[in-house]
Amino acid sequence: MFRKILIANRGEIALRVIWACKELGIKSVAVHSDVDSDSLHVRFADESICIGPAPSSQSYLRIPAIIAAAEISNADAIHPGYGFLSENAEFAEICETCNITFIGPSPETIALMGNKAQAKLTMKKAGVPVLPGSDGPVESADAAAGMAKEMGYPVILKASAGGGGKGMRVVHSEKELSQAYDMAQSEADAAFGNKDLYIEKFLEDPRHIEVQVLGDKYGNVIHLNERECSIQRRHQKLIEEAPSPALTPMLRKELCETAVRGAKAVNYRTAGTMEFLYDSGKFYFMEMNTRIQVEHPVTENITSVDLIKAQILAAAGDKMIYRQKDIRIIGHSIECRINAEDPFRFTPSPGKISTFHPPGGPGVRVDATAYSGCVISPYYDSLIAKLIVRAPTRNDCILRMKRALESFIVEGIKTNIPLHLKIMESRRFRAGKLSTRFLDSILPRSGNNNGH
Ligand code: MV4
């Protein structure tokens, strides 16, 4: 087992990894930027090292500084958390070269799944359902027009190197296609240095349902059921829950077994997520995320599996202690992402939090980095806490979330707690009628004009 793990991240996920290390008897090393020296991850790690100034490009993304910190502190592994370097194949490879275990998939798997066109083709070959479209990148606007004619409009152009919505264009008719192709291509080139696009049939109002998978180095792969993540704004998730209110037991089994088949096809050996679009009783593979995700606690709540510990144990070469038949869903769980932002205009609200008093009581978990007196920096994302509740049923969960939100005190900055309360009180949410356009039905019209 590892003696010491360096956490190449900040915020609540850095703390979450530190808690796992403590419970496993592993020493932890925090890295931090200048403006994060008073952060809780620095305070609770066994050691900490400053790796640069506030901008991520000069600190949390600076590979040489992070590797140097691991060598100076004699860490034998690095946990990348989510975001930052977590899906950077080059970083994973450099870790390997330096004899530091990267807690995640192999560099080859990260690179393969990072190319969304390749990932889709790989999954299609493995028998995972995908939307009709090009097999791999599409060569030209003309080739795209030919395919669009065949499958019918609307279609969507997506950057192969993309994911999370960048370099995407929905096309409703042939006359829009060539311009959309050029725009998506230059956006992809600017954002990723890769112009490749692929095309597929566009679903107007699907759900986003993802399956948590877990593998080890010996070819064992299981699933830990699904999460529903349809409530998003500008490809930023706001609320996640498990299980999905949309699935029947039969569909759940089919979806989750399909996800395992896909993960096995790429020799998956750690925690990961297979993302699907779901519409009218059918699901289609969209992307695979080769990292731990923000919303992993809802899965932990319904399965009682500690996903961070599982990642660490898998990376250390332990054989998986779970068999699929040991995994059962118990109850329901919902997560609200509490952001430092104006709740209806979505503009950031950095600054000093004068009072921070999170809720507690039965079934309430708060994964937070904020505390009374802390300063929320404008340099990083606006997530200040994840409020996660569990209860026997979805309805109990919603009532519990409502009371937890009502007793969550954050003063000094604005948060999106009022928006979460509005969603918990909405009839559509309570009925489980979710889709990727759900938020449009909640927001006042003025708040709607910021989307794509
Ligand atoms: C789609 C789609 C509909 N049809 N692909 C958005 C993020 C990126 N990962 C892919 N996305 C979508 N791809 C097809 N063929 C709709 C979306 C989409 C979306 C997906 C999940 C959650 C929220 C979303 C919001 C807008 C668009």
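Calculation rules
Residues numbered from 1 in each chain as written. Predicted model: local features only at pLDDT ≥ 70, side-chain atom pairs only at ≥ 80, totals over all residues. Heavy atoms only, no water. Near = heavy atom within 4 Å. Polar contact = N/O pair within 3.5 Å; in protein donor to acceptor, adjacent residues only side chain to side chain. Helix = DSSP H or I, 4+ residues; strand = E, 2+ residues; numbered from the N terminus. Nonpolar A, V, L, I, M, F, W, Y, C, P; charged D, E, K, R; others polar. Domains from an automatic or database assignment. Buried < 20%, exposed > 50% of the residue type's maximum accessible area, 1.4 Å probe, protein only. Contact = heavy atoms within 4.5 Å. Pairing = 2+ DSSP bridges. Axes fitted to C-alpha atoms, helices over the stretch in contact; angles between N-to-C directions. Phe/Tyr/Trp six-rings, centres within 6.5 Å; stacked < 30°, edge-to-face > 60°. Lys NZ or Arg CZ within 6 Å of the ring centre and 35° of its normal.

The local shell around the ligand holds 17 residues, among which Lys158, Glu200, Lys201, Leu203 and Glu287 are the closest. Within the side chain of Glu200, one N or O atom sits 2.9 Å away from a nitrogen atom of the ligand. One of the side-chain N or O atoms of Glu287 is found 3.0 Å from a nitrogen atom in the ligand. Elements with a contribution of two residues or more to the shell around the ligand: strand E6 (155–159), strand E8 (197–201) and strand E13 (282–289). Each residue belonging to the shell around the ligand can be placed in one class, and the counts come to seven nonpolar, six polar and four charged. When we break the shell around the ligand down by domain, the ones giving at least three residues each are domain 2 (132–201) and domain 3 (207–442).

On to helix H3 (residues 63–73), then. Among all positions of H3, only Ile63, Ala65, Ile66, Ile67, Ala69, Ala70 and Ser73 are buried. If you follow the buried residues of H3, they end up packed against strand E1 (4–7), strand E2 (27–33), strand E3 (47–52), strand E4 (77–79) and helix H4 (89–97).

The three strands are arranged E7-E6-E8 in an open sheet whose pairing can be described as antiparallel. Each edge of the open sheet carries a strand with a single partner, namely strand E7 (169–171) and E8. Pairwise comparison of adjacent strand axes, ignoring direction, gives a mean angle of 25° for this sheet. As judged from the three bridges shared by E6 and E7, these two strands associate in the antiparallel manner. By the bridge assignment for E7, Leu157 is matched with Arg169. Together, E6 and E8 form the strand contacts of helix H6 (residues 116–125), whose direction differs from that of E8 by roughly 50°. Taken strand by strand, helix H8 (residues 174–192) contacts E6, E7 and E8, and its axis lies near 170° from that of E7.

Strands sit in the order E3-E2-E1-E4-E5 across an open sheet of five strands; the sheet is parallel. Every interior strand has two partners, whereas the edge strands, E3 and strand E5 (101–102), have only one. Where E1 lies against E4, three bridges are found, and the strand directions are parallel. Following the sheet pairing, Ile7 is matched in E4 by His79. On top of the sheet, helix H1 (residues 11–24) reaches E1, E2 and E4; it is set at about 175° to E1, its chief contact.

Now for the packing of aromatic side chains. The geometry of an aromatic ring pair comes down to the distance between the two centres and the angle between the two planes. All told, the structure shown has nine aromatic pairs when counted by the stated rule. Members of the aromatic cluster, connected to one another through ring pairs, are Tyr60, Phe84, Tyr379 and Tyr380. A cation over a ring is seen here: Arg233 above Phe346, with NZ or CZ 3.9 Å from the ring centre. When the ring centre of Phe429 is taken as origin, the NZ or CZ atom of Arg394, which lies over that ring, is 4.6 Å away.

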